[in-house]
Structures are given as C-alpha cells and as structure tokens.
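The chain contents come next:
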Amino acid sequence: LRGMAEQNDVQLLVEPSALHLVADEDRLMQVLTNLVSNAIKFSPSDGSVSLYCRHLDHYCEFRVDDRGRGIPTEMQDQIFD
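These figures come from a predicted structure and were not determined experimentally.

Conventions adopted
- Residues numbered from 1 in each chain as written.
- Predicted model: local features only at pLDDT ≥ 70, side-chain atom pairs only at ≥ 80, totals over all residues.
- Heavy atoms only, no water.
- Helix = DSSP H or I, 4+ residues; strand = E, 2+ residues; numbered from the N terminus.
- Expected span 1.5 Å × (residues − 1).
- Buried < 20%, exposed > 50% of the residue type's maximum accessible area, 1.4 Å probe, protein only.
- Arc of directions from axis to C-beta.
- Contact = heavy atoms within 4.5 Å.
- Polar contact = N/O pair within 3.5 Å; in protein donor to acceptor, adjacent residues only side chain to side chain.
- Pairing = 2+ DSSP bridges.
- Right-handed = clockwise from strand over helix to strand, strands pointing away.
- Salt bridge = Lys/Arg side-chain N within 4 Å of Asp/Glu carboxyl O.
- Axes fitted to C-alpha atoms, helices over the stretch in contact; angles between N-to-C directions.

1. Here we look at helix 2 (residues 25-41)
- Its 17 residues give helix 2 an end-to-end C-alpha distance of 24 Å, which sits within 8% of 24 Å, the value for a rise of 1.5 Å per residue.
- Taken residue by residue, helix 2 has L32, V36, S37, A39 and I40 as its buried positions. Relative to the axis of helix 2, the buried residues are bounded by an arc of 155 degrees and lie together on one face. Those residues of helix 2 that are exposed and aimed more than 90 degrees away from the buried face are D26 and R27.
- Packed against the buried residues of helix 2 are helix 1 (2-7), strand 1 (11-14), strand 2 (48-56) and strand 3 (59-65).
- With a side-chain oxygen lying 3.2 Å from the backbone nitrogen of D26, the N-terminal cap of helix 2 falls on D24.

2. Brief notes about the pairing of strand 1
- Looking at chain direction, strand 1 and strand 2 are connected through four bridges and run parallel. Its bridge partner lying in strand 2, L13 is registered against S50.
- Handedness of the strand 1-helix 2-strand 2 crossover: left-handed.

3. With respect to the pattern of salt bridges
- Considering all chains together, one arrives at two salt bridges under this definition.
- A salt bridge links R54 to E61, with the shortest nitrogen-to-oxygen separation between them at 2.7 Å.
- Taking the relative accessible area as the measure of exposure, E61 reaches 25% and is therefore partly exposed.

4. Some remarks on the sheet that holds strand 1
- One open sheet accounts for three strands, arranged 1-2-3; its pairing is mixed. Pairing within the sheet leaves two strands with one partner each, and these edge strands are strand 1 and strand 3. For this sheet, the mean angle separating the axes of adjacent strands, direction not counted, is 15 degrees.

In structure tokens form, the structure reads like this:
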C-alpha cells in the first residue's frame, strides 16, 4: 500500500511489533488492507496514516489512525460484513 500512499501524497507509518498471532492470515490481511487503503483514499494530501497493534490481555488490538473524514455512523455496523 506504500505505492498507493505515495500516489495520494500520504505518509504511511507502520509501527513494528514482535507479537505472534494465531489467526486466519488471509482474513486478517484482508481487513487490514481494506482499513488502511480506505484511510489512505480518504486522507487529505500531506496527511498521514498510521498502523500499529498492541497486546491487551488475551487479544491483540490493531489500530489505523488517520485524519480523514471517518466512516459514517450508519455504515459502521457493516464494516465487517
């Protein structure tokens, strides 16, 4: 997605992590790719998109931060359909 970020004049920041997960790799990549690509697509020029994860108790939290317009409230229930 770095190429997409460069085309949109958006800086892509990824915080490395040493976490090892047991997960469906294809689905995880699909979800993260969708979230990051949408963040890039809707970020203003000269903006940035950050991706990082952290371990919380018995799960891992992934976070995509950007300064785009966000996901409309009425669409948030449909994100993972």
